[in-house]
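Commentary on secondary and tertiary structure
One-letter residues, chain by chain:
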Amino acid sequence: MGSFHVSGRRVLLEGRPPYVRTMSEGGEPVSINPNGSYLIEQMYVQYFLPQHSNGKGPLVFWHGGGMTGATWETTPDGREGWANYFVRQGWDVYVCDAVERGRSGFAPHPDIWPEGPVVQTVDDIHTRFRIGDRPGSYHTDPARRSAYPDTRFPLESFDTFCLQMVPRWTHTNTAMIEAFHILLKRIGRSTIICHSQAGPLAMMLAAQAGDLIRALVAIEPAGIASLAPDAYNTPTLVVMGGNMADDKRWQRLSQKISSFAQQHPSVQILHLEELGIHGNSHVLMMDTNSDDIACRVNDWLSHASGV
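So, here is what we can say about the structure in this document.

A few words now on helix H6 (residues 248-263). With 16 residues, H6 ought to run about 22 Å at 1.5 Å a step, and its terminal C-alpha atoms sit 23 Å apart, in line with that. Of all the residues in H6, the buried ones are Trp250, Leu253, Ser254, Ile257, Phe260 and Ala261. Along the axis of H6, the buried residues cluster in a sector spanning 125 degrees; they form a single face. Those residues of H6 that are exposed and angled more than 90 degrees off the buried face are Lys248, Arg252, Gln255, Lys256 and Gln262. Buried residues belonging to H6 abut helix H2 (122-128), helix H5 (198-208), strand S9 (236-240) and strand S10 (267-271). Put simply, Asp247 is the residue that caps the front of H6, since its side-chain oxygen is 3.1 Å from the backbone nitrogen of Arg249.

Structure below.
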């Protein structure tokens, strides 16, 4: 195992006034000059290479909005995450903190990045991730929260899950795609497993650089890229969870995803509810049946073209 950074660009700032800060507890004041060179929009990559590889090439994990590579590492209730599962299947695993997340860092605002970050409340996450069954379902007292009766998310660990959420920006999509493109050129033709926000971005990358992507697994993509039918032929599995019937946003997204699959024959949708698997949340890689879903994804990858 190891890690590295890829991508990034240099930005020069001029004309900013210097200031003084005490940087360490008990330290001496330091004069800070904000003028000069900054390296920004890099991406952090951590890799895990099993002793006995399955020979199917790299498997790259791309997290969703407001999240980091921690998404794939350990479930909130302490079980092994998908990174561990797929390493055990012999995959060479690469877990990324996308541009402006986690250990990738971020740029000064508003000096370099024009807008501030979006920070999500735990109230919003509880509902929008289809854990809570209605708006306002979250309460600081766990006993007073409302959730779907069949939810597979480990409810007692919801607050633990929220600890991993981080600020996100909405203007860095191009930089994210570029960073993953550079990563694939470095490590070679790869398979990507992505989640939520990363779904449409990974599809855009596949349309631009399909020769570098063997297959793509999109876990509940939060949008669909507008691509011409002849511009996308990457073998793709879209995995959709449960409890969408009462969620208008996810109903609309489901329709978009279905239309995309109809236009692109290389795209297959795995509706868990159609298999009799109910109650999965938006973060189904953290749900109590996460290993079962990982097994189904691994089986699909074993039969996908070129994998």
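Additional details are given in the paragraphs that follow.
Viewed as axis vectors pointing N to C, helix H4 (residues 173-187) and H5 meet at an angle of 55 degrees, and their least axial separation amounts to 10 Å. It follows that H4 is oblique to H5 by the angle criterion. Read as a crossing pair, H4 and H5 show a hand that is right-handed. The residues of H5 that touch H4, namely those facing Asn173, Met176, Ile177, Phe180, His181 and Leu184, are Leu201, Met204, Leu205 and Gln208.

Looking now at the side chain of Gln164. Looking at the element boundaries, Gln164 is found in the loop between helix H3 (158-162) and H4. Classification of Gln164 as buried rests on a relative accessible area of 15%. In this structure, Gln164 is in contact with Gly66, Met67, Ala70, Thr71 and Met286, ignoring residues within four places of it in sequence.

Another aspect to go through is the sheet that holds strand S1 (residues 2-13). Pairing between the strands of a sheet comes from backbone hydrogen bonds, and it takes one of two forms, parallel or antiparallel. The strand order across the open sheet built from eight strands is S1-S4-S6-S5-S7-S8-S9-S10, with neighbouring strands paired in mixed fashion. This sheet does not close on itself; its edge strands, each paired only once, are S1 and S10. Here the strands of the sheet are splayed against their neighbours by 20 degrees on average, with no regard to which way each runs. Here strand S5 (residues 58-62) pairs with strand S7 (residues 190-195) via four bridges, running parallel. Considered in S7, the bridge of Phe61 is made with Ile193. Contacting S1, strand S4 (36-48), S5, strand S6 (92-97), S7 and strand S8 (213-219), H4 runs over the sheet at an angle of about 135 degrees to S1.

Conventions used here
- Residues numbered from 1 in each chain as written.
- Predicted model: local features only at pLDDT ≥ 70, side-chain atom pairs only at ≥ 80, totals over all residues.
- Heavy atoms only, no water.
- Helix = DSSP H or I, 4+ residues; strand = E, 2+ residues; numbered from the N terminus.
- Expected span 1.5 Å × (residues − 1).
- Buried < 20%, exposed > 50% of the residue type's maximum accessible area, 1.4 Å probe, protein only.
- Arc of directions from axis to C-beta.
- Contact = heavy atoms within 4.5 Å.
- Polar contact = N/O pair within 3.5 Å; in protein donor to acceptor, adjacent residues only side chain to side chain.
- Axes fitted to C-alpha atoms, helices over the stretch in contact; angles between N-to-C directions.
- Parallel < 35°, antiparallel > 145°, perpendicular 65-115°, else oblique.
- Left-handed = near helix turned anticlockwise from the far one by under 90°.
- Pairing = 2+ DSSP bridges.

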